[in-house]
Structure formats: C-alpha cells, structure tokens
Amino acid sequence: MIPPRTARLRACVLMRANPPVIVTRTFSQPPSVNRAAGPRSTLSRLWVPTGGVSAAEGESGHGKLVRAGFLRQSQSGIFQMLPLGLRVQQKIEGLLDKHMQSIGASRLSLSTVCSEELWKRSGRLERASSELFRLKDRRETPLLLSPTHEEEITTLVASAIKSYKDFPLRLYQTTRKYRDEMRPRHGLLRSREFIMKDLYTFDTSVESAIETYREVSEAYRAFFADLKLPILVAEASSGDMGGDYSHEYHLANPIGEDTVAVCNSCSYVANDEVAKALPPSADSSRSSLAAADLRVWRGITRDRRTLVNAWYPAQVGDSGEADVNIHAVKEAVPELDASISDPLRIFGSGSYADAPAASPLRVVNVVDARLEPSFSNLQPELPIIPTELDNKPWEQSSILRSPSGEALNLLHLADGDVCSRCKTGTLQVHRALELGHTFHLGTRYSVPLELHVSLPNTKGGPVPVQMGCHGIGVSRLFGAVAEHKADDRGLNWPRAIAPFEVVLIPTSGVTDETLAFYDSLAPGFDVVLDDRKESFGWKMQDADMIGYPVTVVLGKPWRERGVCEVQCRSLGVKENVAADEVPAYLAGLLAKL
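Notes on the structure in this doc start here. Since the structure is predicted, the reported quantities are computational estimates derived from the model, not experimental observations. (Residues numbered from 1 in each chain as written. Predicted model: local features only at pLDDT ≥ 70, side-chain atom pairs only at ≥ 80, totals over all residues. Heavy atoms only, no water.)

**Overview of unusual backbone geometry**
For the bond from phenylalanine 167 to proline 168, the omega torsion is 0 degrees, close enough to zero to count as cis. Following the sequence through the fold, proline 168 ends up in the loop between helix H5 (150-160) and strand E7 (169-178). At glutamate 140, a residue that is not glycine, the phi angle is positive and equals roughly 65 degrees. The phi dihedral of lysine 228 is positive, around 55 degrees, even though this residue is not glycine. Relative to the helices and strands, lysine 228 is located in the loop between helix H6 (206-226) and strand E9 (231-235). For lysine 228, a relative accessible area of 45% puts it in the partly exposed group. (Helix = DSSP H or I, 4+ residues; strand = E, 2+ residues; numbered from the N terminus. Buried < 20%, exposed > 50% of the residue type's maximum accessible area, 1.4 Å probe, protein only.)

Written as structure tokens, this is what we have:
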C-alpha cells in the first residue's frame, strides 16, 4: 500500500531480461492529498451504459449523446439524465451560479406546480393554453406545470417587500420547466421537460432597470466566453413575454430553427422577427409585370373581421422563388393573427358565412415595394377576393408603407441584402440555435399582479416596479454544444462543462504506480481513470465518443521511461510528455479549451 501522505512515490520494478532492471521514478504530490477524503474517480465505479445502440448514418449530436451513455429517452420529448449527462448539467449550473452571483443575484427555487388563476390575472393563460400541462387537484383547483415563472415570482416579491430600500432585487433559479410541444424534436433542443435558468430583476425606475439589463448582458457574454462558444447576440422581439428591450443569444448551426442576420460591416445582428434589410425601391421596370408574376399570402386579423392579402414578387433576381416574410406582414398589420394558417376556412365557416348580404367583407392588400408600379393596374386581374367568398360584398384598402413610413419588403432576408443600419454592409443569414434570451419587461407583470412600491419625494402614490426576465436554457445548451462540437469520432466538450477534463487510460492493467500518478493529477484537474476490464482499443474509441477534452495514455513508454502520450482532439495535439511535466502541460492545453 502507498502511504496516503507520502511526498515521494516509489516506482514499480520492471521485469525484463536477467538480471531484472529496476527503474525508479518519482512524482510530486502535494501533502494535502488525502485518499481518505473521497474515492478516486474511476469509470468502473460510474454507470456509463454503452453498447447496444448502433450509429445511424449522418448521426446527430443527440444520437452521440445517447450512444455515449449521457442520456436516454423516456418518452417523446422527455429524457432521463444518466451520470455522465448529470455531470455536464451540474457543471453548466455551477458556471451559471458563478456569473449570477457576480451581479449580486440570490438563488431560490420556485414550485413547478403553479396556479392557473395567476396566469389569468396576467392575461397569458388563454394565449399559452395549447402548450401548457394543465391538471386539477382533488379539490378541483386548476393548476399547471409551469413553463416559466413570471407570475409566481412577481406575486412572491409583492408579498414580501416592505420598502423601496429592498430594491434593486435580483433573484434566479435553475429548475425544471414543462411545455407540451406539439412536435418535440432534435432531442434536448426541443423537448417537453427541460432545465432552465431564470433570472428575475426588480428596479424602481426605468433607468435603473436598463442599467441592470446591461449588467446581466455582460454576465451572459462572460458566461458564453467561458464556454468559448461563438455566440451571436441578436436584437429580438419580446413576443408574449412583453416588454420592449430584448436580445437573444444564438449559436449558428444548420440544425437551428431560428434565423439570424449579421452585417459584415457594422455591429448589426438581429433575428428574423425584427431584422430589416434596406427597403427596396419601387422598380419602374416592373410596371409591365403580369398577374402571374405576383404571389399572395393570406392571413386574418385577431378579431376575425379582416382578410389580409400580402402581395410579393414570385421571383427576385437570380435567387429563384421568393418566400413571404410573415413578420414583415405583421409589422404592416399589427392586428394580424400569424398563428392561423387557413384563414379562408374561418371566413367560410364563421360569422361571414352567415352574415347578411349587406355586411361587407374587409380586405387589406399589403404590397411589397417592388410591385408598387404595377399593382394598381393589375388589381382587376388578381384574386383579391378568393372564389370561396366572391358572393359577399367587400371593402378594399391597400398598405404600401410600414407604420414608420418605410417602403415594404415582404420577402425573407437573404444573403447579400443591404444592411438597414449602416446602409453599406451586406447581411449574412444564418440558421441558429437560441440558447438564451433577455427581456426588459417593464410593468408587464407588476401592474396586473399588483407589485408596487412607494418612493420618497414622489407624488401620486405607489408606482409599479420595473421588471426584467433573463433566461438560459440549460438542457438546450447541453444539446446545442453536443451538436456544434461533435465530429465523426464523437462528442467534443469545452473544458468548462466536460464530464471530466482528463481521462487517464493505461494500455495494460492498473497498478499501484498508475494510481499514484492519478493521485498526483487529481488535486489540480478533474480527471477520471479508465480502469474497466476492456481492451485498450475499445477504451480509446469510447474516450473519443464521450468527448473528454484531453486523453493521457499510459503505455509502454510510460512503463519503461516514464513518458505519457497526451492527446487533445480539438487542438490536434498528440505529444509525448515526461510524467513530471504532465501537470504543467495539461494546464496549458486546458487553458485553450
């Protein structure tokens, strides 16, 4: 047995030709190392179910997570996290704790079971009802599994604050959330149960709230910098969350469901809901267009009383068939209900079907600027009113400008569009995965849920508190990094969230000397020893699949000369390093990952 606190470790005896040659080697080990403090991290003690799952052609990062033993699917959109996966999740949470606490946020934990009544008071229940897991208790109290906690945190703070001196207040949690996705897909990227970090901020003035927003944004940027991920911080819409100041944090990836436009000249980055190219000019050469050169997309307003026709060119230049940008249509007609894909069915079976002949149908034509010269001349030939409704009276109007007075561009953004911010650069459009989102909510929740505070030297009574909501999807980040960093050999984790930073793989059995070398590395690194009774080749393939940042091989040179082989797939490194130099060499490698 090796004494637990010895500073110099005896080497093993290598049996070779007669007489035996004694090779003596020592390893520095800090006196603080005490094996009694806890067991060594060895893969024989960790449940890592591998095998039994075959690689599919074009295997995704999610497929590799399953095959490497990080997680398993329980049912559609719901996953069981296995020991390796839980280590990654906990490291993400720990890194988030570091950055949230750097801005003075306190961690709490809110209940997953929430009251429908609060959601009714905030006005969100009906709009979000299709994606909520709803239930009742034995007293028939309507409850839901919360997909987010704005209502609960607002009510909690309203019941607990006593003075304006309690502000600013920053509270966060990392917890399970639930959303009844219609089509869960891409593993953790769109699931029905997920882990999310929410930070909720409370300030007594708009100026203070915006300053808080900037501090949170800096903390988010620092968090993603620790992961060494090329994040795009995009201007965004607040959507149902409310508020008027919003940014998303994206990772460009072909599997992404979001679209982000990036200017190659200025700092403009925006998602496709708010991104704008320089508005097109009306082209007089298009005055000779035929009706067949126009396309129409139809929608309906929220009050179900107006049909919206969006007219756009069938083709633009050499880019092939054009496609309508519904976000641009909604900017021109804010009352548009973009969730309705078949407005004619509503008109055909709704109030207009039974309306008296004198009741006119309202139609709004939203016209792309490229069509302005020809649209008025072509109107008699265009299907302004669908044949299903041509027996009804109707009133017609046209929209040729946005609310801000700009010409309308109803087409999806495309590579090469001119940037609307600098007017000289061109936009590059990327598919992307959204990993985080920051919102300045203002008084969106504090007014309906009565979170008010009395301020000194002000008249008019208590004022509503200014709020912010800032989220990072832990599960989504987990899955996105797997997709982004994986290669044909397996996963490839950033150091900050890898299940282990270093794996130690002996080519033969584990000896006391192997354990001593492990003990010399353990104080400075998150290292695991692969002591499983499998072949060396199998262990190396498994290490590639799991995606450890660094692999240290203890082979024949180790046994004969005390030389390790250090491998780092991300950096393309494969070097022989003397055992005593390994700690410094590992520190240098890991600092780059």
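**Section: the environment of proline 83**
Secondary-structure assignment places proline 83 in helix H2 (residues 83-102). Spatially, the C-alpha atoms of proline 83 and tryptophan 47 are 6.5 Å apart, while their sequence positions differ by 36 residues. In this structure proline 83 touches Leu46 and Trp47, once residues within four positions along its chain are discounted. (Contact = heavy atoms within 4.5 Å.)

**Re the side chain of asparagine 365**
When you line up the elements, asparagine 365 lands in strand E15 (residues 361-367). Its relative accessible area of 0% is what places asparagine 365 among the buried residues. Side chain to side chain, asparagine 365 and glutamine 396 meet in a polar contact 2.7 Å long. The residues touching asparagine 365, leaving out its near neighbours within four places in the chain, are Asn309, Trp311, Phe375, Gln379, Ile384, Gln396, Ser397, Ser398 and Ile399. (Polar contact = N/O pair within 3.5 Å; in protein donor to acceptor, adjacent residues only side chain to side chain.)

**Quick word on the environment of arginine 401**
Take arginine 401: it is sitting in the loop between strand E16 (394-399) and strand E17 (427-442). Taking the C-alpha atoms as reference points, arginine 401 and alanine 332, separated by 69 residues in sequence, lie 7.3 Å from one another. Non-local contacts of arginine 401, meaning those with residues more than four positions away in its chain, are made with Glu372, Glu406, Ala407 and Leu408. A polar atom in the side chain of arginine 401 sits 2.6 Å from the side chain of glutamate 372.

**So, the sheet that holds strand E4 (residues 113-115)**
Pairing is antiparallel in the open sheet, where three strands are placed in the order E4-E6-E5. The sheet terminates laterally at E4 and strand E5 (133-136), the two strands that pair on one side only. This sheet shows a mean twist of 40 degrees between the axes of neighbouring strands, independent of strand direction. (Pairing = 2+ DSSP bridges. Axes fitted to C-alpha atoms, helices over the stretch in contact; angles between N-to-C directions.)

**Notes on helix H11 (residues 512-521)**
The α-helix winds at 3.6 residues per turn, so residues separated by three or four positions along the chain end up facing the same way. Taking burial as the measure, the ten residues of H11 include eight buried ones, the bulk of the element. Listed in full, the buried residues belonging to H11 are Glu513, Thr514, Ala516, Phe517, Tyr518, Asp519, Ser520 and Leu521. In this fold, the buried residues of H11 make contact with strand E21 (502-506), strand E22 (527-529), strand E23 (550-554), helix H13 (556-561), strand E24 (563-568) and helix H14 (582-590).

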